[in-house]
2 protein chains.
Amino acid sequence: MSSNHTHNKKNQTLTKNQRIVLNLLQDSGEPLKAYFILDSLKKEGLNSPLQVYRALDKLVELGKIHKVESLNSFIICNNSNCASNTAFTICERCGKVKEIKNNNLTEGVNELVRENKLNITRYNLEFYVVCKTCKIN
Amino acid sequence: MSSNHTHNKKNQTLTKNQRIVLNLLQDSGEPLKAYFILDSLKKEGLNSPLQVYRALDKLVELGKIHKVESLNSFIICNNSNCASNTAFTICERCGKVKEIKNNNLTEGVNELVRENKLNITRYNLEFYVVCKTCKIN
DNA sequence: ATTACATACGTAATATTATAACAATATAAA
DNA sequence: TTTATATTGTTATAATATTACGTATGTAAT
Ligand SMILES: [Zn+2]
Ligand SMILES: [Zn+2]
Ligand SMILES: [Zn+2]
Ligand SMILES: [Zn+2]
């Protein structure tokens, strides 16, 4: 069923619950809310919020997903190695979220952190935008 | 009672509920949670969550306070004119929150936004740190 | 094999954070 | 004054997240 087979390689160390939650986020690509995940995975055997939250916590810890704080949502990591540092653009009109990849912005932030001697352990940056699609309309 | 008199000048356009919520945040200086604010202001006549949330919403809109998204908390604006752009450091050990003022960092972020041609309407930056006090211990 | 330890699981209950819906009142324009 | 807009008060409810408790499973040391 579904697309489990496409992800087995990467997710082999995960438990069943962690795997099915990750797969859902992977297949969606959008930020999803915990209770939406719960509803979506009832058929896979998830019955309680805690099962979802525990899986989400673990996946966040592993850096495989991120929490979009201002949306109370979780999204698949679109980056190979952002560890616990995250940067997103969030469209104010359509809600579309994009993880900002290894580009000038994240490099620049690192520089700023160095310059300002901030003893940063991690950061979460949320940029609210009007995306290209919404700009046209 | 309390310290209303010290803030009247600034807060004259505000309604009663907005004023007492703002005063509490002003006097505290720390991020406070909505239900803590509610409990604290029962004696001032606030009875329901909605009264607090409505005041908070308005104050955020006016830029007088900010929401610290990852803490579900609200903090007085420590800056004259950050409008809707915010940047905080949050100590991972003691929870202390500082709003980053008009310094290299915020200027640098603005520059990055320009360089990357991001069509930003506003941003919220949360830097997790170990503060000086916690670093020593 | 047995013990100890850490991690994960399942379930129920509860806590925390936030909004919907509706009637009333105040404030500001027109 | 009439009309529109914003704010209030109250009750109920929705949405988000954690505590508590007992069980199971895997791993490593004895
Ligand atoms: Zn990522
Ligand atoms: Zn959009
Ligand atoms: Zn501010
Ligand atoms: Zn600290």
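Use the structure listed above.
This one's a predicted model, so the numbers in the text were calculated from it and none came from an experiment.

1. Side note on the coordination of the zinc ion (ligand 2)
Residues and elements named next belong to chain A. Of the protein atoms, only Cys91 (SG), Cys94 (SG), Cys131 (SG) and Cys134 (SG) coordinate the zinc ion (ligand 2), at distances of 2.3 to 2.4 Å. Mapping the donors of the zinc ion (ligand 2) onto the primary sequence gives the spacing C-x2-C-x36-C-x2-C. What makes cysteine 91 buried here is its relative accessible area of 3%.

2. Description of helix H4 (residues 49–61) of chain A
Residues and elements named next belong to chain A. Between the first and last C-alpha of H4 there are 18 Å, a value that for 13 residues agrees with the 18 Å anticipated at 1.5 Å per step. For H4, every residue scored as buried is listed here: Val52, Ala55, Leu56 and Leu59. When H4 is viewed along its axis, its buried side chains cluster within an angular range of 100° and face the same direction. In H4, the exposed positions angled more than 90 degrees off the buried face are occupied by Arg54, Asp57 and Glu61. Each element contacted by the buried residues of H4 is listed here: helix H2 (16–28), helix H3 (34–40), strand S1 (65–68) and strand S2 (73–76). Immediately downstream of H4, the backbone of glycine 63 shows phi near 80°, a positive value.

3. Side note on the side chain of asparagine 124 of chain A
Locating asparagine 124 of chain A in the fold gives a position in strand S5 (residues 120–129). In terms of polar contacts, asparagine 124 of chain A uses its side chain to reach the side chain of threonine 86 of chain A, at 2.8 Å. Only 3.2 Å separates the side chain of asparagine 124 of chain A from the side chain of glutamate 126 of chain A, close enough to count as a polar contact. In contact with asparagine 124 of chain A, other than residues within four places in its own chain, are Lys67, Glu69, Thr86 and Phe88 of chain A together with Asn124, Leu125 and Glu126 of chain B.

4. A short note on the protein's contact with DNA strand C
The environment of DNA strand C is formed by 15 residues, the closest being Thr15, Gln51 and Arg54 of chain A together with Lys33 and Lys67 of chain B. In DNA strand C, atoms within 4 Å of the protein come 43% from sugar and phosphate. A distance of 3.0 Å is found between a phosphate oxygen of DNA strand C and a side-chain nitrogen or oxygen belonging to tyrosine 53 of chain B. Among the elements of the structure, H2 and H4 of chain A together with helix H4 (49–61) of chain B are those that each provide at least two residues to the surface near DNA strand C. Of all the elements, H4 of chain A adds the most residues to the surface near DNA strand C, at four residues. Residue classes in the surface near DNA strand C are distributed as four nonpolar, seven polar and four charged.

5. Some thoughts on a nonpolar patch on the surface
A contiguous nonpolar patch, built from Tyr35, Leu50 and Tyr53 of chain A and spanning about 310 Å² of accessible area, is present on the exposed surface. For leucine 50 of chain A, the position within the fold is in helix H4.

6. What about the relation of the copies chain A and chain B?
By a simple turn and slide, chain A fits onto chain B: the slide is 0.0 Å along the axis, the RMSD is 0.1 Å, and the turn is 180°. These values place the two chain copies in the arrangement generated by a two-fold rotation axis. Ranked by how close their C-alpha atoms come to the rotation axis, the residues of chain A are headed by leucine 125 of chain A, at 2.2 Å. Residue by residue, 100% of the interface of chain A is reproduced at the interface of chain B, so both copies engage with the same surface.

About the thresholds
Residues numbered from 1 in each chain as written. Chains lettered and ligands numbered in written order. Predicted model: local features only at pLDDT ≥ 70, side-chain atom pairs only at ≥ 80, totals over all residues. Heavy atoms only, no water. Donors = N, O, S within 2.8 Å, 3.2 Å for Na, K, Ca; no water. Buried < 20%, exposed > 50% of the residue type's maximum accessible area, 1.4 Å probe, protein only. Helix = DSSP H or I, 4+ residues; strand = E, 2+ residues; numbered from the N terminus. Expected span 1.5 Å × (residues − 1). Arc of directions from axis to C-beta. Contact = heavy atoms within 4.5 Å. Polar contact = N/O pair within 3.5 Å; in protein donor to acceptor, adjacent residues only side chain to side chain. Near = heavy atom within 4 Å. Nonpolar A, V, L, I, M, F, W, Y, C, P; charged D, E, K, R; others polar. Patch = residues over 30% accessible without salt bridge, like charges linked within 9 Å, V, L, I, M, F, W, Y side chains within 5 Å. Areas by Shrake-Rupley, 256 points an atom, 1.4 Å probe, with all protein chains shown as cover. Salt bridge = Lys/Arg side-chain N within 4 Å of Asp/Glu carboxyl O. Least-squares fit on C-alpha atoms with pLDDT ≥ 70 in both.

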